[in-house]
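Survey of secondary and tertiary structure
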Amino acid sequence: MIIDLRSDTVTKPTNGMLEAMWSAQVGDDVFGEDPTVNALEQKLAEMFGMEAGIFCPSGTMTNQIAIKLHTGPHQEVICHKYSHIYLYEAGGIMANARASVKLLDGAYGKITAESIAENISPDDVHACETTLVSLENTMNKGGGSIYTLDEVKPIKILCEKHGIKLHLDGARLFNALVASGESAKDWGARFDTISICLSKGLGCPIGSVLLGTKADIKRARKIRKSFGGGMRQAGYLAAAAIYALDHHVDRLAEDHDRAKAIGQLLEKHPLVSEVFPVVTNIVIARLQDISPEDFLSKLSENGIKAVKFGKDQVRFVTHLDFNDEMLMLFGERIKEI
Ligand SMILES: *Cc1c(COP(=O)(O)O)cnc(C)c1O
């Protein structure tokens, strides 16, 4: 049995999810006539207490639409230097919004109100105007670290004071909410736009939703069209998402428990020098006396898949298709390496 921990995107739809997809009511969503897409957008907007939502093919698209909504030429977004929007979206900030980016440092991929305050551009002819701050929760490259609301509140206040929009790359926001116990509405109240992935821990085949004001989501529909992201009978995909929101949120706690167990196993391993604190479903291990390539090929010989994550790091992600039996096997196999 291959144990695939490369990402939480490797899951396949469950039978229950496939049945929900099979029986979905659909229509042409570019005409706004797909009842299941409309229901999904409304359901998520209501959960987070936001005005509206838009269903898109990927989290890259929802992030890129948000960046284009809030920035443009001669303007910049402030984010952590390890942000997905900067590292893993193919240079979209520049290519799509023609905006600049200011990268901040911070432990476990997180930035603070203090460091943002120091980096907001002055009102000066030389400067690139700061119009957007983007946070990521959970923070992928931070090892699935999470922000608390107490950390976000001063950032929101700072942004409001300077007329700067605040976006949340919440690809794994439900993992964060399950780990912290904080409420979706409290998070919704603090951001202008939120991007949520359904194809990560929630186990859907495709899809992300961008939440925001009615006016922003109206503009987002035009931007999505120009990106080629207008879909027709997308209700089959939205049905999977509605099913996941009803059945796959609370169970994320299991993924977190299994990730913690993996973290403990790796901490004891002679080839591992450090494991980032495990808070959600991501485990990042720093290696010693071996390259990530060699470590990964040893894992692979033992039926375990993971990914390289920086020059001396590897990443494991737990998910819906990783169970306790596989965790036991993982424990046995990792000892062989
Ligand atoms: C996966 C991910 C996204 C979106 O990725 P897509 O593959 O385009 O859906 C955005 N942000 C983070 C942090 C992610 O992990």
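Everything numeric in this text was worked out from a predicted model, so none of it was measured. (Residues numbered from 1 in each chain as written. Predicted model: local features only at pLDDT ≥ 70, side-chain atom pairs only at ≥ 80, totals over all residues. Heavy atoms only, no water.)

Let us now look at the overall build of the protein chain. Check the secondary structure of the protein chain and you find 14 helices and 13 strands. Here the C-alpha radius of gyration of the protein chain, 20 Å, is about what a compact globule of 337 residues would show, namely 20 Å. With 337 residues in all, the protein chain has 56% of them scored as buried. The long-range fraction of contacts in the protein chain, counting pairs at least 24 apart against all pairs at least 6 apart in sequence, stands at 74%. Element-wise, carbon and sulfur atoms account for 51% of the exposed surface of the protein chain, whose accessible area totals about 14500 Å². Of the charged side chains in the protein chain, 37 are positive and 44 negative, and the gap between their average positions amounts to 4 Å. (Helix = DSSP H or I, 4+ residues; strand = E, 2+ residues; numbered from the N terminus. Rg over C-alpha atoms; globule rule 2.2 N^0.38 Å. Buried < 20%, exposed > 50% of the residue type's maximum accessible area, 1.4 Å probe, protein only. Contact = heavy atoms within 4.5 Å. Areas by Shrake-Rupley, 256 points an atom, 1.4 Å probe, with all protein chains shown as cover. Lys, Arg positive; Asp, Glu negative; His and termini not counted. Charge placed at Lys NZ, Arg CZ, Asp CG, Glu CD.)

This brings us to the sheet that holds strand β12 (residues 307–308). Strand order in the open sheet formed by four strands is β9-β10-β13-β12, and the pairing between neighbours is antiparallel. Pairing within the sheet leaves two strands with one partner each, and these edge strands are β9 (272–275) and β12. Looking at chain direction, β9 and strand β10 (residues 282–287) are connected through three bridges and run antiparallel. Counted as the bridge partner of V272 is L287 from β10. Running over the sheet, helix α13 (residues 292–301) touches β10, β12 and β13 (313–317) and is turned about 40° from β13. (Pairing = 2+ DSSP bridges. Axes fitted to C-alpha atoms, helices over the stretch in contact; angles between N-to-C directions.)

Core analysis: the biggest nonpolar cluster contains 53 residues, and L40, F48, F55, V133, L135 and F174 have the highest contact counts within it. Formed by 27 residues, the second largest nonpolar core is a distinct cluster that contains I262, V275, I290 and A306. (Core = buried A, V, L, I, M, F, W, Y, C linked by side-chain atoms within 4.5 Å.)

By the element assignment, G143 lies in the loop between β5 (129–136) and α7 (149–161). Using a relative accessible area of 0% as the deciding quantity, one classes G143 as buried. Along the primary structure G143 and V278 are separated by 135 residues, whereas in three dimensions their C-alpha atoms are 6.9 Å apart. Residues in contact with G143, not counting those within four places in the same chain, are F276, P277, I282 and I284.

For the rest of this paragraph, the subject is the packing of helix α12 (residues 252–267) against helix α14 (residues 324–334). Their axes nearest at 11 Å, the elements α12 and α14 cross at an angle of 10°. Regarding the angle of α12 to α14, the classification is roughly parallel. On α14, the residues touching R258, A261, I262, L265 and L266 of α12 are D324, L327, F330, G331 and I334. When the residues that make up the contact of α12 with α14 are grouped by side-chain class, the tally is seven nonpolar, one polar and two charged. (Parallel < 35°, antiparallel > 145°, perpendicular 65-115°, else oblique. Nonpolar A, V, L, I, M, F, W, Y, C, P; charged D, E, K, R; others polar.)

So, on to the site of the ligand. Taken together, S58, G59, T60, N63, H84, E89, E136, D169, A171, R172, C197 and K200 are the residues near the ligand. Contact between the ligand and T60: an oxygen atom at 2.5 Å from a side-chain N or O atom of the residue. In the model, a nitrogen atom of the ligand is placed 2.6 Å from a nitrogen or oxygen of the D169 side chain. With three residues, helix α3 (residues 59–70) is the single largest residue contributor to the shell around the ligand. Residue composition of the shell around the ligand, by class: two nonpolar, five polar and five charged. (Near = heavy atom within 4 Å. Polar contact = N/O pair within 3.5 Å; in protein donor to acceptor, adjacent residues only side chain to side chain.)

Let us look at the packing of aromatic side chains. A full pass over the atoms with the stated rule returns four aromatic pairs. Here the aromatic rings of Y108 and F276 are separated by 5.5 Å at their centres, their planes lie at 70°, and the arrangement is edge-to-face. Within this pair, whereas Y108 is found in the loop between β4 (100–104) and α6 (113–119), its partner F276 is found in the loop between β9 and β10, the two being separated by 168 residues in sequence. Where F316 meets F330, the ring centres are 5.7 Å apart and the plane angle is 90°; that geometry is what we call edge-to-face. (Phe/Tyr/Trp six-rings, centres within 6.5 Å; stacked < 30°, edge-to-face > 60°.)

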